[in-house]
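Chain by chain, the residues run as shown.
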Amino acid sequence: DGLCIVAILQFILSIIWPILGVTSITNWFGYDVYIDEMRNRANGSFNHPNTMGAYMSYVFVLFVSCILCGYKNKHSKILCAITFCTIVLTISRSAILASIASLCFLFFISKNPSTRIFSFRIFFKFIFPTLLIVAAIVFFTPLKKYFVSMQAEDMVSARMVHNVFYLNIVADHPYLGVGLNT
C-alpha cells in the first residue's frame, strides 16, 4: 500500500511542476536550485529527474510482476500505467529503456518458465532482435535527438574516462582494491 501511495503522489507531483508550471511545489522539497536545469522534466519529490526515473522504474517492475502473478490485478494495472507515465514525464532515457527491457524480460519469463534464460538460442532468438529494435527506435525515429547529440557524445566520452580510471585502479590493486569511499 505504501508504494501505491508513493506512486500516485509522484505522478501528481510530476503533473503539477512541469505540466501545470506550479514552481512553488519545488520549494516544499528544497530543490528550487535545479529549476532551470530540469525545465519540462518531472522530478516529483526527488532532487533530479534521473533519480526519480530510476526509482519509478523499480516500482514499475514490481507492479508488472504483480500483474503477471495475478496479485490485485486491477489495481496493479492502474498503478503500472501511472508509474510508466511518470517515467515518461521524467524524460530519463535510461529509466525508459530499463523499464521496457524489464517488461520484455518479465514477460518472457512468465510465458516460458522452464526455459533457460542464458543460452545462445535465446540470445539470437529474442535478445538480439530486441536490441536491433531498440537500436532502430533510437537511431531512426524522432527520439534520436534525445539519444544522439553533442551532449550525449560528451557523456559517453566522460564515462569512457571513468572506465579507464577504473581499469587503472583494478590493475594497480587487483586483490584488495583501494578501500571504501576513495
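A brief look at the structure comes next. (Residues numbered from 1 in each chain as written. Predicted model: local features only at pLDDT ≥ 70, side-chain atom pairs only at ≥ 80, totals over all residues. Heavy atoms only, no water.)

## Here's the deal with helix α3 (residues 49–69)
Alright, step 1. The end-to-end C-alpha distance of α3 is 30 Å, a good match for the 30 Å that 21 residues give at a rise of 1.5 Å each.
Alright, step 2. Among all positions in α3, only Pro49, Met52, Gly53, Met56, Ser57, Val59, Phe60, Phe63, Val64 and Cys66 are buried.
Alright, step 3. Following α3 by one or two positions, Gly70 has its phi on the positive side, about 80°. (Helix = DSSP H or I, 4+ residues; strand = E, 2+ residues; numbered from the N terminus. Expected span 1.5 Å × (residues − 1). Buried < 20%, exposed > 50% of the residue type's maximum accessible area, 1.4 Å probe, protein only.)

## Here we look at helix α5 (residues 93–111)
Alright, step 1. Here α5 contains 19 residues, and its C-alpha end-to-end distance of 27 Å stays within 8% of the 27 Å for a straight helix at 1.5 Å per residue.
Alright, step 2. Those residues of α5 that fall on the buried side of the exposure criterion are Ala95, Ser99, Leu106 and Phe108.
Alright, step 3. For α5, the secondary structure elements touched by its buried residues are α3, α4 (73–90) and α6 (120–140). (Contact = heavy atoms within 4.5 Å.)

## Re a nonpolar patch on the surface
Alright, step 1. A cluster of nonpolar side chains, namely Phe120, Phe123, Phe124, Phe126, Ile127, Phe128, Leu131 and Leu132, defines an oily patch on the protein surface of about 800 Å² accessible area.
Alright, step 2. As for its placement among the helices and strands, Leu132 is situated in helix α6.
Alright, step 3. You can call Leu132 partly exposed: its relative accessible area is 47%. (Patch = residues over 30% accessible without salt bridge, like charges linked within 9 Å, V, L, I, M, F, W, Y side chains within 5 Å. Areas by Shrake-Rupley, 256 points an atom, 1.4 Å probe, with all protein chains shown as cover. Salt bridge = Lys/Arg side-chain N within 4 Å of Asp/Glu carboxyl O.)

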